[in-house]
Amino acid sequence: MSTDTAEQHGAHRLHDWQIELIERTDRPGTRTHGDRTTGVNAGETDVTIRQEGGRTWLYKVWESDRRAGRFHLYAPATGRVHRITPRQAALLRAVHWDRPAPDEVRSGPPASSVDPWDDREIEELAALIMPFDGDGWQFPDLPPDARLEQPRVRVLMLNPTEQCNIRCTYCYYGGAYPGTRPHQTASPAADMVKAAIDLFVTGEERLEPAQRAVYFFGGEPLLAFDQLKQAVLSLEERKREVGSNPENLIVQVNSNGMLLTPEIVEFLVEHDIYLNISIDGPNHDRYRIDRRGKGTHDRVRERTDWLAEYRPEYFASRVAVICVLSAPLDEASLYRYFSEWPTALRALAWDFDLLLPGGEESYPDLRQMFAEQRRVWDLFVAAHRLPYDARERSGRYRFAFSHGFLHRSFHRALNQPTREGGPRLGHLLGVQLVPGNEYLVLGSDGTLYSSYEYQSPDFAVGHTDRGVDPLAGVEQLGMFRDAVQAGSCRTCWAAPMCTVTVPEAPFRASDPAGTVREKVTAKRARCMSERENLEQGLRARADIEDAYGAQALRGHREDWARQAQGGSRVDHFNA
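The shown structure was predicted, so the numbers you read here are calculated from the model rather than taken from an experiment. (Residues numbered from 1 in each chain as written. Predicted model: local features only at pLDDT ≥ 70, side-chain atom pairs only at ≥ 80, totals over all residues. Heavy atoms only, no water.)

## Looking at the overall build of the protein chain
Counting its secondary structure elements, the protein chain contains 19 helices and 18 strands. Buried residues in the protein chain amount to 56% of all 575 residues. The contacts in the protein chain between residues at least 6 apart in sequence include a share of 73% that link residues at least 24 apart. Accessible area for the protein chain stands at about 23900 Å²; split by element, carbon and sulfur atoms hold 48% of it. (Helix = DSSP H or I, 4+ residues; strand = E, 2+ residues; numbered from the N terminus. Buried < 20%, exposed > 50% of the residue type's maximum accessible area, 1.4 Å probe, protein only. Contact = heavy atoms within 4.5 Å. Areas by Shrake-Rupley, 256 points an atom, 1.4 Å probe, with all protein chains shown as cover.)

## Some remarks on the packing of helix α3 (residues 86-93) against helix α4 (residues 119-129)
Relative to each other, α3 and α4 sit at 85°, their axes nearing to 11 Å. Here α3 is positioned roughly perpendicular relative to α4, judged by the angle of their axes. Note on element contacts: α4 touches α3 through E121, I122, E124, L125 and I129, opposite R87, Q88, L91 and L92. Class assignment for the residues of the contact of α3 with α4 results in five nonpolar, one polar and three charged. (Axes fitted to C-alpha atoms, helices over the stretch in contact; angles between N-to-C directions. Parallel < 35°, antiparallel > 145°, perpendicular 65-115°, else oblique. Nonpolar A, V, L, I, M, F, W, Y, C, P; charged D, E, K, R; others polar.)

## Considerations on the side chain of S444
Looking at the secondary structure, you find S444 in the loop between β15 (439-442) and β16 (447-449). At 3.2 Å, the side chain of S444 forms a polar contact with the side chain of E162. With residues near it in sequence (within four places) discarded, S444 still touches E162, Q184, A186, S187, P188, A189 and M192. (Polar contact = N/O pair within 3.5 Å; in protein donor to acceptor, adjacent residues only side chain to side chain.)

## What about the environment of D445?
For D445, the location among the structural elements is in the loop between β15 and β16. Owing to a relative accessible area of 42%, D445 belongs among the partly exposed residues under this scheme. Here the alpha-carbon distance between D445 and P188, two residues 257 residues apart in the chain, equals 5.8 Å. Other than its neighbours up to four places away in sequence, D445 contacts M192 and H463.

## Some words on the nonpolar core
Within the largest apolar cluster, 121 residues are counted, with the highest numbers of intra-cluster contacts made by L158, L307, F338, F380 and F480. Setting aside chain neighbours within four positions, we find F380 in contact with Y397, A400, F401, L406, F410, A540, I544 and H556. Membership of the second largest hydrophobic core comes to 18 residues, among which are W57, L91, W117 and I129. (Core = buried A, V, L, I, M, F, W, Y, C linked by side-chain atoms within 4.5 Å.)

## With respect to the packing of aromatic side chains
All chains considered together, the criterion is met by 21 aromatic pairs. Between Y74 and W493, the ring centres sit 6.1 Å apart and the planes meet at 80°, which makes this aromatic pair edge-to-face. Here Y74 is found in strand β6 (residues 71-75), whereas its partner W493 is found in the loop between α17 (472-486) and α18 (513-548), with 419 residues between them in sequence. Both residues of the pair, Y74 and W493, count as buried. Aromatic ring contacts, followed pair by pair, group Y335, Y337, F338, W341, W350, F352 and F399 into a single cluster. The ring centre of W306 lies 4.3 Å from the NZ or CZ of R303, which sits over that ring. (Phe/Tyr/Trp six-rings, centres within 6.5 Å; stacked < 30°, edge-to-face > 60°. Lys NZ or Arg CZ within 6 Å of the ring centre and 35° of its normal.)

## Some remarks on the sheet that holds strand β5 (residues 60-63)
An order of β5-β6-β7 is seen for the three strands of this open sheet, with the pairing classed as antiparallel. With partners counted over all chains shown, the strands left at the sheet margins are β5 and β7 (80-84), one partner each. Between one strand axis and the next, the sheet turns by 25° as a mean value, whatever way the strands run. Across four bridges, β5 lies against β6 in antiparallel orientation. Residue K60 lies in a different strand from β6, and its bridge partner there is Y74. Where α3 meets the sheet, it contacts β5, β6 and β7, and its direction lies at approximately 135° from that of β5. α18 rests against β5, β6 and β7 of the sheet, and its axis sits at about 55° to β5. (Pairing = 2+ DSSP bridges.)

## Quick word on the sheet that holds strand β2 (residues 36-40)
Spatial ordering of the open sheet is given by β1-β2-β3-β4-β8, a layout of five strands whose pairing is antiparallel. Since the sheet does not close on itself, it has two edges, and those belong to β1 (29-33) and β8 (132-133), each with one partner. Judged from the three bridges that link them, β2 and strand β3 (residues 49-52) form a sheet pairing that is antiparallel. Looking at β3, one finds that T37 is bridged to Q51.

## A closer look at the pattern of salt bridges
Taken as a whole, this structure holds 37 salt bridges when the rule is applied. The residue D378 makes a salt bridge to R66 at a minimum N-O spacing of 2.9 Å. In this pair, D378 is assigned in helix α13 (residues 366-382) and R66 in the loop between β5 and β6, connecting sequence segments 312 residues apart. Classification of D378 by relative accessible area gives partly exposed; the value is 39%. A salt bridge links R87 to E121; its shortest N-O distance comes to 2.5 Å. Of this pair, R87 sits in helix α3 while E121 is found in helix α4, placing the two residues 34 residues apart along the sequence. If you follow the salt bridges from partner to partner, you end up with E44, K60, D65, R531, E535 and R539 in one network. (Salt bridge = Lys/Arg side-chain N within 4 Å of Asp/Glu carboxyl O.)

## Some thoughts on the state of the cysteines
As enumerated under the stated definition, the model contains zero disulfides in all. Among the cysteines around C168, which has no disulfide bond, C171 carries the closest sulfur, lying 6.2 Å off. (Disulfide = S-S within 2.5 Å.)

## Remarks on the pairing of β3
Sheet topology note: the β3/strand β4 (residues 55-58) ladder contains four bridges and is antiparallel. Each bridged residue has a counterpart across the sheet, and for R50 the counterpart in β4 is W57. Linking two consecutive strands that pair antiparallel, namely β3 and β4, is a turn of two residues; a positive phi of about 60° is found at G53 within it.

Here it is, written out as C-alpha cells:
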C-alpha cells in the first residue's frame, strides 16, 4: 500500500522508500543455489530458512547440550517440537540439498558421502515442518477503518516527578538512548493525575476480571511523596465514585529506596501498596551512581535492611527486590550476592531482567551475556528433578525463575497454541492490543503515552484534557506492522512466539534514511536476544521432558492457565 493510499484509509504508514530500505538492511544472510535459497538469521550459524519451488520452510534444529545425541526440531508453522534423528538434523542444517550430506554440518555425525539423501526423507521432514506457499509469514494488517473508540486500560503509569536523586547511566532518561526524555524536575498537575485516573477507573464490568495495575515511577517517585499520596487518595476516591472495587488491582511503587522513612512506609502499609526496590548486586556501583559519580549501593542496602526490620510482615508480603542485569554479567557472583544476603531472602520476590547499559553501542556484550544466561537455564532445568513443592522452595530455582528473560521465553515455548500450518499469523509479534489501549503513561504536561521508555511525540496517544486519541495508537501500530512485514521477521522461526513490541522497533514516517538504518541495527540486536531466549526456552522444555517426564512441566502449564483466566484478551486490532 502506498503512503498516500494508506493515509486516505485513515492509517498513517511508512513511506515506500523506508520499507525498501528496511527490506535491504534487515534481512537474514542468504545463499542461492539455482532455484533454491537457504538463509541464516542474524547472530545464528544454522540454516533455518529454505525456499524452493515457491514454498518456504522455517524451522529450528538443535542438539541438546545436556543430553548428547538427542536432536529436536521446532516447527513454527504448527508450534510443535519433534524428536528427530542425527541424520535428519544434518539434512536440515545443510546448505545444499542436491548432493550427499555435506561436511559442514555444525555438530552431530555427518551422513555418509555414499548414502545420499532421497526425496522420501525430505518429504518426511516436510510433514513435520509443514512448509507453506509464499515467501514468508503473513502478519495481520490493520482494518482500513480501525479506530480505538473506548480504551480498555489495564496498566496506568504515573510519574509524580521526573526528577531523580541519582543518575543511573543505563537509565532511559539519562541521555543514553535516542528519542527519550532527559532528567528534569517537572511533575504533572493534580488535575492531570486525576483525569488519568478517571480514564483508568471506569466501573465497566468487562474490566473487572482482568489483572490491572497502577505503577508509580519517575524519576524517583519518593522525591514527590506528597503528590504520590494525593494520587493514591484520588484513585481510592474514584473507585468509590463509580462503585468499583476490583480485587485484582495492584498499586506499586518502583523506587531506589534511598528516601524511605517511617512516614512513607506507614502510608504504603496502610494502603496496601507494593514496593519494588532496585539494587543491582555486584554491578550496582558500576551504573547506579549519584550526581557526583559516587556509588549508591551501601545507601540502598542500608534502607532495605532497615525496612525489613521495621516492617517484617510488609516486607515479606509486598516488597520485591529488582535487579538490572548488565555487562559484565557474572551469574555465579549474582547468585552468591542475593542468596547470602539475609534481607533479600526475606523479600516477597526477586526480579532480574536485562537492560544493556550505555545505548546501542553496548550490544557486542550480548555474546558474553548469552553464555552467562545459559548457566541460569541449566539451574532451571536441573531443578525439575525435584517434586513441584520442593522445587518451589529451592533457592536455586527461585533465583533462576526470577530472571525475566527466562520465565517469559519458557512460558512462550511451553504454552504457545498449536497451529494447523500455513503462513498467516493471527497476531503481530508481541502486540496484544492497540497502543493506548492496554497501557498508558502520564507525562508531566498531561500528555498520554503508549510507552514508558519513549515518552516522546512519536508515542503520544492523547492528553488528559481530551482523553485518548482514537487514531494515534492505530497509526503507531500501522508503522510497526509495515516494518515487521518488510524485515527479517517474515522469515524468522521465532515470529509466532516473539515478544518484540512497538517501542522496540519504533520506525516512523518522519525518520530520515540514517535514522532508519540506526533503528534496523538496534532491532537486529534485539532480535538476536529474542531468538536466543526462545531457543533456550525450547531447549529447556525438551530437556525437562526427556529427563524428568511430562509431569515435571505440569505446574508451569497450570500457572499459565491461571494467568490466562485472569486476563482480558480482545481482538488484537479491532479493539
